[in-house]
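# Analysis of the macromolecular model
Okay, here's what each chain looks like letter by letter:
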Amino acid sequence: MKAAYFTRTGPPEVIQYGDLPDPRPAPGQCLVKVIAVDVNPIDTYIRAGLVPSKPVFPAILGRDLAGTVLECGPEVKRFNKGDRVWATNQGLGDRPGTSSEMAAVDEQWLYPIPSGVKEEDIVALSLVAVTAQLGLVRKAQLKSGEILFVNGGAGGVGSCVVQMAKSMGAKVITTAGSDAKADACRQLGADVVINYQTDDIDDAIRRAAPDGVNVWWETLRQPDFDRAVPLLAMRGRYVLMAGRDAKPVFPVGPFYVKDCSLHGFAMFNGTPEELRSAAEDINRWVLEGNLKARIDRVLPLSAAMEAHRLQEDSTIRQSGVVSGKIVLRV
Ligand SMILES: NC(=O)c1ccc[n+]([C@@H]2O[C@H](COP(=O)([O-])OP(=O)(O)OC[C@H]3O[C@@H](n4cnc5c(N)ncnc54)[C@H](OP(=O)(O)O)[C@@H]3O)[C@@H](O)[C@H]2O)c1
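Structure report, in brief. Residue numbering note: each chain is counted from 1, following its sequence as written. Residue-level local features of this predicted model are given only where pLDDT is at least 70; pairs of side-chain atoms are given and counted only at 80 or more, and the full residue set underlies all totals for whole chains, interfaces and linings. Side-chain measures here rest on the full set of heavy atoms in the structure, leaving out hydrogens and waters.

## Remarks on the overall build of the chain
Under the convention used in this document: Segments assigned H or I by DSSP are reported as helices when at least four residues long, segments assigned E as strands when at least two residues long, and all are numbered from the N terminus. The quantity called the radius of gyration is restricted to C-alpha atoms. Its globule counterpart is 2.2 Å times the number of residues to the power 0.38. The buried label goes to any residue with under 20% of its type's maximum accessible area, the exposed label to any with over 50%, and the partly exposed label to all in between, with areas taken from a 1.4 Å probe on protein chains only. Contact definition: two residues touch when any of their heavy atoms are within 4.5 Å. The Shrake-Rupley method, run with a 1.4 Å probe sphere, supplies the accessible areas, and residue values consider only the shown protein chains as cover.
The helix and strand inventory of the chain stands at 9 helices and 16 strands. For a compact globule of 330 residues, the expected C-alpha radius of gyration is about 20 Å, and the chain comes in at 20 Å, within 12% of that figure. Considered along the principal axes of its C-alpha atoms, the chain spans approximately 60 × 40 × 35 Å. Buried positions account for 55% of the 330 residues belonging to the chain. Once local pairs closer than 6 in sequence are excluded, the contacts in the chain between residues at least 24 apart make up 71%. About 14100 Å² of surface is accessible on the chain, with carbon and sulfur atoms providing 51% of the total.

## A look at the site of the ligand
This is how it is decided: When at least one non-hydrogen atom of a residue lies within 4 Å of a molecule or strand, that residue is treated as near it. Nitrogen and oxygen atoms within 3.5 Å of one another constitute a polar contact, given that in protein one can donate a hydrogen and the other can accept it, and given that sequence-neighbouring residues count only through two side-chain atoms. Residues are grouped as follows: Ala, Val, Leu, Ile, Met, Phe, Trp, Tyr, Cys and Pro are nonpolar; Asp, Glu, Lys and Arg are charged; all remaining types, including Gly, are polar.
Every one of the 26 residues lining the ligand counts as a neighbour, but Y45, G156, Y196, M267 and T315 are closest to it. The contact in question runs from an oxygen atom of the ligand to an N or O atom on the side chain of Y45, over 2.7 Å. F265 is positioned such that a nitrogen or oxygen atom in its backbone is 3.0 Å from a nitrogen atom of the ligand. Going through the elements one at a time, α1 (41-48), α2 (119-139), α3 (156-167), β10 (171-176) and α9 (304-315) are the ones with two or more residues in the shell around the ligand. A breakdown of the residues in the shell around the ligand according to their chemical character gives 13 nonpolar, 11 polar and 2 charged.

## Section: the sheet that holds strand β1 (residues 2-6)
Strand pairs in the sheet, formed through backbone hydrogen bonds, run parallel or antiparallel to each other. Our working rule: Note on pairing: DSSP must find at least two bridges between two strands before they are called paired.
The strand order across the open sheet formed by 3 strands is β2-β1-β4, and the pairing between neighbours is antiparallel. Lying at the two open borders of the sheet, with one neighbouring strand each, are β2 (16-19) and β4 (59-60).

## Regarding the side chain of E120
With respect to the element layout, E120 can be found in helix α2. Accessibility expressed as a relative area gives 14% for E120, which makes it buried. Apart from residues no more than four positions distant in its own chain, E120 is found in contact with A36, I295, V298, V327 and R329.

## Points about the environment of L125
Relative to the helices and strands, L125 is located in helix α2. Between the C-alpha atom of L125 and that of T88, which follows or precedes it by 37 residues, the distance is 9.7 Å.

## Focus on the pairing of strand β15 (residues 295-300)
Direction of pairing for β15 relative to strand β16 (residues 325-329): parallel, over a ladder of 5 bridges. Following the sheet pairing, V298 is matched in β16 by V327.

## Brief notes about the pattern of salt bridges
Operational definition: Just to be clear on terms, a salt bridge is a Lys or Arg side-chain nitrogen sitting within 4 Å of an Asp or Glu carboxyl oxygen.
Applying the stated criterion across every chain yields a total of 18 salt bridges. For R24, the salt bridge is made with E71, and the minimal N-O distance between the two is 2.7 Å. Placement of R24 in the loop between β2 and β3 (29-38) and of E71 in strand β5 (residues 65-72) is noted, with a sequence separation of 47 residues between them. A relative accessible area of 29% means that E71 is categorised as partly exposed.

## Some remarks on helix α4 (residues 179-188)
Note the cut-off: Working definition: the arc comes from the directions between the helix axis and the C-beta atoms, pointing outward to the latter.
The complete set of buried residues in α4 reads K181, A182, A184, C185 and L188. Axial view of α4: buried residues confined to an arc of 155 degrees, hence all on one face. Along α4, exposed side chains directed more than 90 degrees from the buried face belong to D179, A180 and Q187. Against α3, β10 and β11 (192-195) lie the buried residues of α4. Within two residues after α4, G189 carries a phi angle of roughly 120 degrees, on the positive side.

## Notes on the layout of surface pockets
Worth spelling out the cut-off: A cavity, in this analysis, means grid points on a 1 Å lattice covering only the protein atoms where a 1.4 Å probe fits yet has no way out; a pocket is instead an open set bounded by protein on both sides within 12 Å along at least five of seven lines, and a residue lines either one if it has an atom within 4 Å of a point. Grid points are joined across faces, edges and corners, and a volume is the space filled by probe spheres set on the points.
The calculated volume of the second largest pocket comes to roughly 490 Å³. The wall of the second largest pocket is formed by 31 residues, among which A59, I60, R95, P96 and G97 lie closest to the centre. Going through the elements one at a time, α1, β4 and β7 (102-106) are the ones with two or more residues in the lining of the second largest pocket. Broken down by element, the lining of the second largest pocket gets its largest block of residues, 4 residues, from β7.

## Regarding the packing of α2 against α3
The cut-off we apply is this: Orientation is described by axes fitted as lines to C-alpha atoms, over the contacting stretch for helices, and by angles from 0 to 180 degrees between their N-to-C directions. Geometric relationships in this document are graded by angle, where less than 35 degrees denotes roughly parallel, more than 145 denotes roughly antiparallel, 65 to 115 denotes roughly perpendicular, and other angles denote oblique. Each crossing gets its handedness from the near helix: less than a right angle anticlockwise from the far helix is left-handed, clockwise is right-handed.
Packing of α2 against α3 leaves a shortest axis separation of 8 Å and a crossing angle of 50 degrees. Considered as vectors, α2 and α3 are oriented oblique to each other. Of the two elements, α2 crosses α3, and the hand of that crossing is right-handed. Across from L125, V128, A129, T131, A132, Q133 and L136 in α2, the residues of α3 making contact are G156, V157, C160, V161, M164 and A165. Class assignment of the residues belonging to the contact of α2 with α3 gives a composition of 10 nonpolar, 3 polar and no charged.

## Here's the deal with the sheet that holds strand β12 (residues 213-218)
Pairing in this open sheet of 6 strands is parallel, and the strands run β11-β10-β9-β12-β13-β14 from one edge to the other. Here the strands that pair on one side only, and so sit at the sheet edges, are β11 and β14 (261-264). Along the sheet, successive strands turn relative to each other by an average axial angle of 15 degrees, direction set aside. Pairing analysis gives 4 bridges linking strand β9 (residues 147-151) to β10, with the strands arranged parallel. What sits directly across from L148, in β10, is V172. Packed onto the sheet, α4 meets β10 and β11 and runs at close to 160 degrees relative to β10.

Structure below.
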């Protein structure tokens, strides 16, 4: 089968596109004909060798897939040949990556694609939508009527946080780096959008949330607690999910005297049951029309190197060149 893979860690140029042996499904696995995959920032960290879990070479790229079941192992109970499925949380530990024509995936990580939903759209949601659901539902326990601020509402995770928080009945304040991205955030349902290049963010948050924000979701890799903590409401929750090397100053007094709490998490630690529950919510929101994918561009799988360059430029160097997800058609 054709695959996008690497045989040593390094810059995007280590990515190869070529033939690897076809996988065979284990008893509890489905063999999936992959139709679409996407690119996430963590793909670039794994390829660059920046995460503790070391890849097994040749290492296939990718965490997510959408496709069709070709074959089921004898112990598979929930799927049949021909079912359309999506998955996330692959490509780490003993789970191979997804950027290949076929992938053998444990059925516990597979979810049905809702009828009428395109593979490109569901795969563009997968990891980022699961992250948003875990953070909002399990960690922050966002309630209807609360105010949520998400820094970076046009991004992969941010755009899902905006839409899900609206579905959960919150007022949503967010930031974007251009007028076009601000418009995109409004279309996703954001109530207040602040242009972080031109506006006074803190002043705009204070005006939109005079008693503070109940949930602050930071998508940047450099959280600024000195700024954020004074803007939290009593019993505010701060969601932290990026910034492996960040060592920010933390204003302890203003935090604990308001009974605030800090919720760090990584979606890859989610159990199969937690992720399946997230996938059920995601499929329901998609069917209801309350959760839509934001796709920047669709490229062929053979352009995986270019896709990694773009993702790194955008997320690590904050060039803003990507607006939504990069999807690769297999
Ligand atoms: N813990 C987990 O489970 C988990 C899961 C997924 C992702 N992550 C991490 O979360 C981070 C975001 O991931 P992603 O996929 O959402 O990335 P992304 O799609 O690249 O989004 C980055 C966001 O940052 C915004 N941004 C850039 N500079 C900004 C600034 N100065 N002020 C405010 N916003 C700014 C961008 O806004 P514009 O586009 O408007 O410029 C964009 O909305 C990455 O570090 C990723 O590794 C963690």
